[in-house]
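Descriptive structure summary
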Amino acid sequence: MSSTPQKLDRPAFEAMLVDLRPRLHRYCARMAGSVIDGEDVVQEVLAKALQAFDGNVTVEQPEQWLFRVAHNAAHDYLRRRTRERSRMSEADTSMIEDPSAAADSRHIAQIGLRTFMHLSAQQRSAVILVDVLGLSLHEACEATGATLAATKAALHRGRAQLRLLAQEPEEVVKPTLGAEDERRLRRYVDLFNARDFDAVRALVGEDIQLEVVNRTRMRGKAQVSNYYGNYSRADDWALSLGFVDGRPAILIRDPQAPDAGVRGFMLLEWLGENVANIRDFRYATYVLADADIQPLDG
(Lines give C-alpha, C1' and ligand atoms only; values in the text may rest on other atoms or scores of the structure.)
Protein backbone atom coordinates (compact mmCIF):
# COMPACT_ATOMS: atom_id res chain seq x y z
CA MET A 1 0.00 0.00 0.00
CA SER A 2 1.10 3.58 -0.56
CA SER A 3 2.74 5.32 2.39
CA THR A 4 1.89 8.80 1.11
CA PRO A 5 -1.33 10.53 2.17
CA GLN A 6 -4.12 10.12 -0.35
CA LYS A 7 -7.48 11.82 -0.59
CA LEU A 8 -10.12 9.83 -2.42
CA ASP A 9 -13.14 11.52 -3.93
CA ARG A 10 -16.54 10.61 -2.49
CA PRO A 11 -17.52 8.05 -5.19
CA ALA A 12 -14.15 6.28 -4.90
CA PHE A 13 -14.42 6.24 -1.11
CA GLU A 14 -17.96 4.81 -1.23
CA ALA A 15 -16.81 2.18 -3.73
CA MET A 16 -14.02 1.18 -1.35
CA LEU A 17 -16.57 0.81 1.46
CA VAL A 18 -18.69 -1.47 -0.73
CA ASP A 19 -15.67 -3.64 -1.60
CA LEU A 20 -14.52 -3.89 2.03
CA ARG A 21 -17.94 -4.42 3.59
CA PRO A 22 -17.84 -8.26 3.53
CA ARG A 23 -14.39 -8.30 5.19
CA LEU A 24 -15.40 -5.66 7.71
CA HIS A 25 -18.47 -7.74 8.52
CA ARG A 26 -16.41 -10.89 8.96
CA TYR A 27 -14.22 -9.09 11.46
CA CYS A 28 -17.10 -7.46 13.35
CA ALA A 29 -19.20 -10.64 13.39
CA ARG A 30 -16.40 -12.64 14.93
CA MET A 31 -15.73 -9.91 17.47
CA ALA A 32 -19.42 -9.74 18.41
CA GLY A 33 -20.15 -13.47 18.14
CA SER A 34 -23.09 -13.03 15.77
CA VAL A 35 -23.56 -12.11 12.12
CA ILE A 36 -26.55 -9.99 13.12
CA ASP A 37 -24.71 -8.03 15.80
CA GLY A 38 -21.74 -7.83 13.45
CA GLU A 39 -23.90 -6.06 10.86
CA ASP A 40 -24.96 -3.53 13.51
CA VAL A 41 -21.29 -2.77 14.17
CA VAL A 42 -20.52 -2.55 10.44
CA GLN A 43 -23.26 0.01 9.93
CA GLU A 44 -21.80 2.07 12.77
CA VAL A 45 -18.36 1.79 11.14
CA LEU A 46 -19.66 2.95 7.75
CA ALA A 47 -21.47 5.91 9.32
CA LYS A 48 -18.33 6.96 11.20
CA ALA A 49 -16.18 6.52 8.11
CA LEU A 50 -18.44 8.70 5.96
CA GLN A 51 -18.65 11.30 8.70
CA ALA A 52 -14.87 11.40 8.91
CA PHE A 53 -14.61 11.64 5.13
CA ASP A 54 -17.00 14.59 5.06
CA GLY A 55 -14.84 16.14 7.77
CA ASN A 56 -11.92 16.09 5.30
CA VAL A 57 -9.89 13.50 7.20
CA THR A 58 -6.81 12.45 5.21
CA VAL A 59 -5.38 8.99 5.89
CA GLU A 60 -2.23 7.31 4.66
CA GLN A 61 -3.61 3.79 4.47
CA PRO A 62 -7.39 3.80 3.92
CA GLU A 63 -7.93 0.04 4.35
CA GLN A 64 -6.03 -0.18 7.66
CA TRP A 65 -7.75 3.00 8.81
CA LEU A 66 -11.16 1.44 8.16
CA PHE A 67 -10.22 -1.66 10.12
CA ARG A 68 -9.03 0.65 12.89
CA VAL A 69 -12.49 2.26 12.91
CA ALA A 70 -14.05 -1.23 12.91
CA HIS A 71 -11.77 -2.35 15.72
CA ASN A 72 -12.72 0.63 17.88
CA ALA A 73 -16.42 0.27 17.09
CA ALA A 74 -16.36 -3.44 17.95
CA HIS A 75 -14.70 -2.72 21.28
CA ASP A 76 -17.24 0.00 22.03
CA TYR A 77 -19.96 -2.51 21.23
CA LEU A 78 -18.42 -5.11 23.52
CA ARG A 79 -18.15 -2.62 26.34
CA ARG A 80 -21.79 -1.71 25.89
CA ARG A 81 -22.63 -5.39 26.19
CA THR A 82 -20.44 -5.59 29.30
CA ARG A 83 -18.57 -8.53 27.84
CA GLU A 84 -15.15 -6.96 27.81
CA ARG A 85 -12.63 -9.56 28.90
CA SER A 86 -9.84 -8.69 31.31
CA ARG A 87 -6.93 -7.00 29.64
CA MET A 88 -3.94 -9.18 28.95
CA SER A 89 -0.36 -8.29 29.65
CA GLU A 90 2.08 -8.19 26.77
CA ALA A 91 4.95 -9.30 29.00
CA ASP A 92 7.04 -12.46 28.58
CA THR A 93 5.00 -14.15 25.81
CA SER A 94 5.42 -11.23 23.41
CA MET A 95 8.23 -12.78 21.41
CA ILE A 96 7.31 -16.48 21.69
CA GLU A 97 7.66 -18.43 18.46
CA ASP A 98 4.60 -20.47 17.54
CA PRO A 99 5.72 -23.35 15.30
CA SER A 100 2.16 -24.55 14.70
CA ALA A 101 0.88 -21.12 13.63
CA ALA A 102 0.88 -21.90 9.91
CA ALA A 103 -1.18 -25.06 10.41
CA ASP A 104 -3.54 -23.30 12.83
CA SER A 105 -4.24 -20.44 10.47
CA ARG A 106 -5.66 -22.83 7.86
CA HIS A 107 -8.33 -23.98 10.29
CA ILE A 108 -9.06 -20.90 12.37
CA ALA A 109 -11.02 -19.18 9.61
CA GLN A 110 -13.54 -22.03 9.72
CA ILE A 111 -14.12 -21.92 13.48
CA GLY A 112 -17.63 -20.94 14.53
CA LEU A 113 -18.34 -17.44 15.76
CA ARG A 114 -19.30 -18.51 19.25
CA THR A 115 -15.95 -20.22 19.80
CA PHE A 116 -14.20 -16.89 19.31
CA MET A 117 -16.19 -15.49 22.21
CA HIS A 118 -14.12 -17.64 24.57
CA LEU A 119 -11.11 -15.45 23.75
CA SER A 120 -10.41 -12.06 25.24
CA ALA A 121 -11.26 -9.13 22.98
CA GLN A 122 -7.56 -8.49 22.28
CA GLN A 123 -6.87 -12.13 21.41
CA ARG A 124 -9.99 -12.28 19.26
CA SER A 125 -9.00 -9.18 17.35
CA ALA A 126 -5.45 -10.38 16.64
CA VAL A 127 -6.54 -13.87 15.52
CA ILE A 128 -9.31 -12.56 13.27
CA LEU A 129 -7.16 -9.92 11.59
CA VAL A 130 -4.17 -12.20 10.99
CA ASP A 131 -5.60 -15.71 10.58
CA VAL A 132 -9.10 -15.01 9.24
CA LEU A 133 -8.59 -11.87 7.15
CA GLY A 134 -4.95 -12.46 6.25
CA LEU A 135 -3.45 -9.17 7.43
CA SER A 136 0.22 -9.07 8.34
CA LEU A 137 1.28 -8.44 11.94
CA HIS A 138 2.24 -4.88 11.05
CA GLU A 139 -1.12 -4.28 9.34
CA ALA A 140 -2.90 -5.70 12.38
CA CYS A 141 -0.97 -3.26 14.57
CA GLU A 142 -2.08 -0.42 12.31
CA ALA A 143 -5.69 -1.56 12.57
CA THR A 144 -5.76 -1.94 16.35
CA GLY A 145 -3.24 0.64 17.50
CA ALA A 146 -1.51 -2.04 19.59
CA THR A 147 2.23 -2.56 19.72
CA LEU A 148 3.88 -5.35 17.75
CA ALA A 149 4.72 -7.14 21.00
CA ALA A 150 1.13 -6.94 22.25
CA THR A 151 -0.23 -8.18 18.91
CA LYS A 152 2.18 -11.13 18.87
CA ALA A 153 1.25 -12.00 22.45
CA ALA A 154 -2.48 -11.80 21.76
CA LEU A 155 -2.10 -13.86 18.59
CA HIS A 156 -0.07 -16.55 20.35
CA ARG A 157 -2.45 -16.82 23.29
CA GLY A 158 -5.53 -16.74 21.08
CA ARG A 159 -4.22 -19.55 18.89
CA ALA A 160 -3.28 -21.61 21.93
CA GLN A 161 -6.75 -21.14 23.42
CA LEU A 162 -8.44 -22.12 20.17
CA ARG A 163 -6.32 -25.30 20.02
CA LEU A 164 -7.54 -26.24 23.49
CA LEU A 165 -11.14 -25.45 22.62
CA ALA A 166 -10.92 -27.59 19.49
CA GLN A 167 -10.11 -30.61 21.67
CA GLU A 168 -13.22 -30.17 23.81
CA PRO A 169 -16.57 -31.69 22.78
CA GLU A 170 -18.79 -29.00 21.33
CA GLU A 171 -21.84 -28.21 23.41
CA VAL A 172 -24.77 -27.89 21.02
CA VAL A 173 -27.73 -26.03 22.44
CA LYS A 174 -30.75 -26.29 20.19
CA PRO A 175 -32.70 -23.03 20.11
CA THR A 176 -36.40 -23.11 20.85
CA LEU A 177 -39.33 -21.01 19.71
CA GLY A 178 -42.23 -20.19 22.01
CA ALA A 179 -45.72 -21.18 20.95
CA GLU A 180 -46.93 -17.58 20.53
CA ASP A 181 -43.84 -16.53 18.57
CA GLU A 182 -44.18 -19.55 16.32
CA ARG A 183 -47.88 -18.88 15.74
CA ARG A 184 -47.28 -15.28 14.67
CA LEU A 185 -44.26 -16.07 12.52
CA ARG A 186 -45.90 -19.06 10.87
CA ARG A 187 -48.98 -17.02 9.99
CA TYR A 188 -46.76 -14.35 8.43
CA VAL A 189 -44.79 -16.96 6.47
CA ASP A 190 -47.87 -18.84 5.29
CA LEU A 191 -49.53 -15.66 3.99
CA PHE A 192 -46.27 -14.56 2.36
CA ASN A 193 -45.79 -17.91 0.63
CA ALA A 194 -49.43 -17.81 -0.52
CA ARG A 195 -48.61 -14.38 -2.02
CA ASP A 196 -51.55 -12.91 -0.14
CA PHE A 197 -49.80 -9.60 0.34
CA ASP A 198 -52.96 -7.72 1.22
CA ALA A 199 -53.27 -10.00 4.25
CA VAL A 200 -49.55 -9.59 5.02
CA ARG A 201 -49.87 -5.80 4.91
CA ALA A 202 -52.76 -6.06 7.35
CA LEU A 203 -50.35 -7.55 9.88
CA VAL A 204 -47.93 -4.61 9.91
CA GLY A 205 -48.34 -1.60 12.19
CA GLU A 206 -48.83 1.93 10.94
CA ASP A 207 -45.37 2.95 12.20
CA ILE A 208 -43.63 -0.13 10.81
CA GLN A 209 -39.86 0.26 10.37
CA LEU A 210 -38.08 -1.69 7.65
CA GLU A 211 -34.42 -2.13 6.83
CA VAL A 212 -33.44 -3.95 3.68
CA VAL A 213 -29.87 -4.45 4.82
CA ASN A 214 -27.26 -3.07 2.42
CA ARG A 215 -30.02 -1.40 0.35
CA THR A 216 -32.55 0.93 1.97
CA ARG A 217 -34.69 1.86 4.95
CA MET A 218 -38.41 2.59 5.00
CA ARG A 219 -40.86 3.75 7.62
CA GLY A 220 -44.62 3.69 7.72
CA LYS A 221 -47.15 1.39 6.15
CA ALA A 222 -47.34 3.32 2.88
CA GLN A 223 -43.60 3.06 2.18
CA VAL A 224 -43.34 -0.56 3.29
CA SER A 225 -46.11 -1.47 0.85
CA ASN A 226 -43.53 -0.93 -1.91
CA TYR A 227 -41.32 -3.56 -0.26
CA TYR A 228 -44.09 -6.14 -0.51
CA GLY A 229 -44.74 -5.06 -4.07
CA ASN A 230 -41.16 -5.95 -4.98
CA TYR A 231 -41.61 -9.44 -3.55
CA SER A 232 -44.92 -9.88 -5.36
CA ARG A 233 -43.16 -9.31 -8.69
CA ALA A 234 -40.42 -11.88 -8.00
CA ASP A 235 -40.60 -15.66 -7.94
CA ASP A 236 -37.11 -16.55 -6.68
CA TRP A 237 -38.05 -16.90 -3.01
CA ALA A 238 -39.81 -19.25 -0.63
CA LEU A 239 -39.94 -18.66 3.13
CA SER A 240 -39.65 -21.04 6.07
CA LEU A 241 -39.01 -20.79 9.80
CA GLY A 242 -35.63 -21.26 11.43
CA PHE A 243 -32.95 -19.69 13.57
CA VAL A 244 -29.95 -17.52 12.75
CA ASP A 245 -27.32 -17.37 15.48
CA GLY A 246 -29.95 -18.69 17.86
CA ARG A 247 -32.52 -16.01 17.01
CA PRO A 248 -35.94 -16.80 15.50
CA ALA A 249 -35.78 -15.95 11.82
CA ILE A 250 -37.57 -16.38 8.52
CA LEU A 251 -35.26 -18.16 6.08
CA ILE A 252 -35.29 -17.30 2.38
CA ARG A 253 -34.59 -19.97 -0.22
CA ASP A 254 -34.87 -20.06 -3.99
CA PRO A 255 -37.52 -22.66 -4.94
CA GLN A 256 -35.94 -22.92 -8.38
CA ALA A 257 -32.62 -23.99 -6.78
CA PRO A 258 -33.66 -26.21 -3.86
CA ASP A 259 -30.12 -27.49 -3.27
CA ALA A 260 -28.62 -24.00 -3.06
CA GLY A 261 -29.47 -23.55 0.61
CA VAL A 262 -30.49 -20.37 2.38
CA ARG A 263 -29.97 -17.20 0.36
CA GLY A 264 -31.08 -14.71 3.01
CA PHE A 265 -33.24 -14.25 6.06
CA MET A 266 -35.63 -11.86 7.79
CA LEU A 267 -35.89 -10.82 11.43
CA LEU A 268 -39.24 -9.57 12.73
CA GLU A 269 -40.16 -7.71 15.89
CA TRP A 270 -43.76 -7.62 17.09
CA LEU A 271 -45.92 -5.20 18.99
CA GLY A 272 -48.82 -7.36 20.04
CA GLU A 273 -50.20 -8.90 16.85
CA ASN A 274 -48.61 -6.31 14.57
CA VAL A 275 -45.19 -6.40 12.98
CA ALA A 276 -43.26 -3.38 14.28
CA ASN A 277 -39.84 -3.91 12.70
CA ILE A 278 -38.42 -5.92 9.81
CA ARG A 279 -34.76 -6.51 8.93
CA ASP A 280 -34.41 -8.25 5.57
CA PHE A 281 -30.93 -9.66 4.79
CA ARG A 282 -31.82 -10.76 1.26
CA TYR A 283 -29.22 -8.40 -0.24
CA ALA A 284 -26.57 -8.83 2.46
CA THR A 285 -25.41 -12.28 1.40
CA TYR A 286 -21.97 -11.73 2.93
CA VAL A 287 -23.46 -12.43 6.37
CA LEU A 288 -24.38 -16.01 5.36
CA ALA A 289 -20.76 -17.20 5.23
CA ASP A 290 -20.47 -17.18 9.02
CA ALA A 291 -24.10 -17.50 10.07
CA ASP A 292 -25.26 -20.37 12.27
CA ILE A 293 -28.47 -21.29 10.42
CA GLN A 294 -30.78 -23.96 11.82
CA PRO A 295 -34.06 -24.71 10.00
CA LEU A 296 -37.14 -25.27 12.11
CA ASP A 297 -39.13 -26.73 9.22
CA GLY A 298 -37.57 -29.73 7.54
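Residues numbered from 1 in each chain as written. Predicted model: local features only at pLDDT ≥ 70, side-chain atom pairs only at ≥ 80, totals over all residues. Heavy atoms only, no water.

Description of the pattern of salt bridges
In this structure the tally under the stated criterion is 24 salt bridges. When the shortest N-O distance is used, the salt bridge between Asp-131 and Arg-159 registers 2.8 Å. On the criterion of sequence distance, the pair formed by Asp-131 in helix α6 (residues 121–132) and Arg-159 in helix α8 (residues 148–167) is long-range, its members being 28 residues apart. The residues Asp-131 and Arg-159 share a single accessibility class, namely buried. (Salt bridge = Lys/Arg side-chain N within 4 Å of Asp/Glu carboxyl O. Helix = DSSP H or I, 4+ residues; strand = E, 2+ residues; numbered from the N terminus. Buried < 20%, exposed > 50% of the residue type's maximum accessible area, 1.4 Å probe, protein only.)

Some details on the pairing of strand β3 (residues 238–244)
In terms of burial, β3 is a largely internal element, six of the seven residues being buried. Pairing of β3 with strand β4 (residues 247–253) involves seven bridges; the strand directions are antiparallel. Its bridge partner being in β4, Gly-242 is matched across the sheet by Ala-249. Hairpin connection, β3 to β4: the antiparallel pair is bridged by two residues, and Asp-245 has positive phi, about 50°. The pairing of β3 with strand β7 (residues 293–295) spans three bridges and is antiparallel. Bridged to Val-244 within β7 is Ile-293. (Pairing = 2+ DSSP bridges.)

Some thoughts on the sheet that holds β3
Reading across the sheet, the seven strands line up as β2-β1-β6-β5-β4-β3-β7 and stay open at both edges, with mixed pairing between neighbours. In the strand order of this sheet, the two ends are held by β2 (216–219) and β7, each with one partner. Averaged over neighbouring strand pairs, the angle between their axes works out to 30° when direction is ignored. The sheet strands contacting helix α11 (residues 221–232) are β1 (204–212), β2, β4, β5 (262–271) and β6 (274–280), and the helix crosses β1 at an angle near 55°. (Axes fitted to C-alpha atoms, helices over the stretch in contact; angles between N-to-C directions. Contact = heavy atoms within 4.5 Å.)

Observations regarding helix α1 (residues 10–32)
The axis of α1 is deflected most strongly, by about 50°, at Leu-20, and proline Pro-22 appears within four residues downstream. Sitting at the head of α1, Asp-9 places a side-chain oxygen 2.8 Å from the backbone nitrogen of Ala-12. Following α1 by one or two positions, Gly-33 adopts a phi angle in the positive range, close to 85°. (Bend = angle between axes of the 7 residues up to and from the residue. Polar contact = N/O pair within 3.5 Å; in protein donor to acceptor, adjacent residues only side chain to side chain.)

Things to note about the packing of helix α3 (residues 62–80) against helix α7 (residues 137–144)
α7 packs onto α3 with a crossing angle of 55° between their chain directions and a minimal axis gap of 7 Å. As the angle between them shows, α3 and α7 are arranged oblique. As for the relative orientation of α3 and α7, their crossing is right-handed in sense. Of the residues in α7, those in contact with Gln-64, Phe-67, Arg-68 and His-71 of α3 are Glu-139, Glu-142, Ala-143 and Thr-144. Its residues assigned to classes, the contact of α3 with α7 shows two nonpolar, three polar and three charged. (Parallel < 35°, antiparallel > 145°, perpendicular 65-115°, else oblique. Left-handed = near helix turned anticlockwise from the far one by under 90°. Nonpolar A, V, L, I, M, F, W, Y, C, P; charged D, E, K, R; others polar.)

Considerations on empty space enclosed by the protein
Following the criterion strictly, the structure yields two cavities of 30 Å³ or more and no others. By volume, the second largest cavity amounts to about 30 Å³. What lines the second largest cavity is Arg-184, Arg-187, Tyr-188, Leu-203, Trp-270 and Glu-273. In terms of residue count, helix α9 (residues 179–193) provides more of the lining of the second largest cavity than any other element does, three residues in total. Partitioning the lining of the second largest cavity into residue classes produces three nonpolar, no polar and three charged. (1 Å grid on protein atoms, 1.4 Å probe; cavity = no way out; pocket = protein on both sides within 12 Å on 5 of 7 lines; lining within 4 Å. Points joined across faces, edges and corners; volume = space filled by probe spheres on them.)

Notes on the side chain of His-25
Structurally, His-25 can be placed in helix α1. Looking at His-25, its side chain comes within polar contact range of the main-chain oxygen of Val-35, at 2.9 Å. If sequence neighbours within four positions are ignored, His-25 has contacts with Val-35, Gly-38, Glu-39, Val-42, Tyr-286 and Val-287.

Examining the nonpolar core
Within the largest apolar cluster, 41 residues are counted, with the highest numbers of intra-cluster contacts made by Tyr-27, Phe-67, Leu-129 and Leu-133. Only α1, α2 (35–54), α3, α6, α7 and α8 provide two or more residues apiece to this core. The biggest single contributor to this core is α1, with nine residues. Filtering out sequence-adjacent residues up to four positions away, Leu-129 remains in contact with Tyr-27, Phe-67, Gly-134, Leu-135, Ala-140, Ala-143 and Thr-144. If you look at the next biggest cluster of nonpolar residues, it comprises 30 residues, including Leu-185, Val-212, Tyr-231 and Val-275. (Core = buried A, V, L, I, M, F, W, Y, C linked by side-chain atoms within 4.5 Å.)

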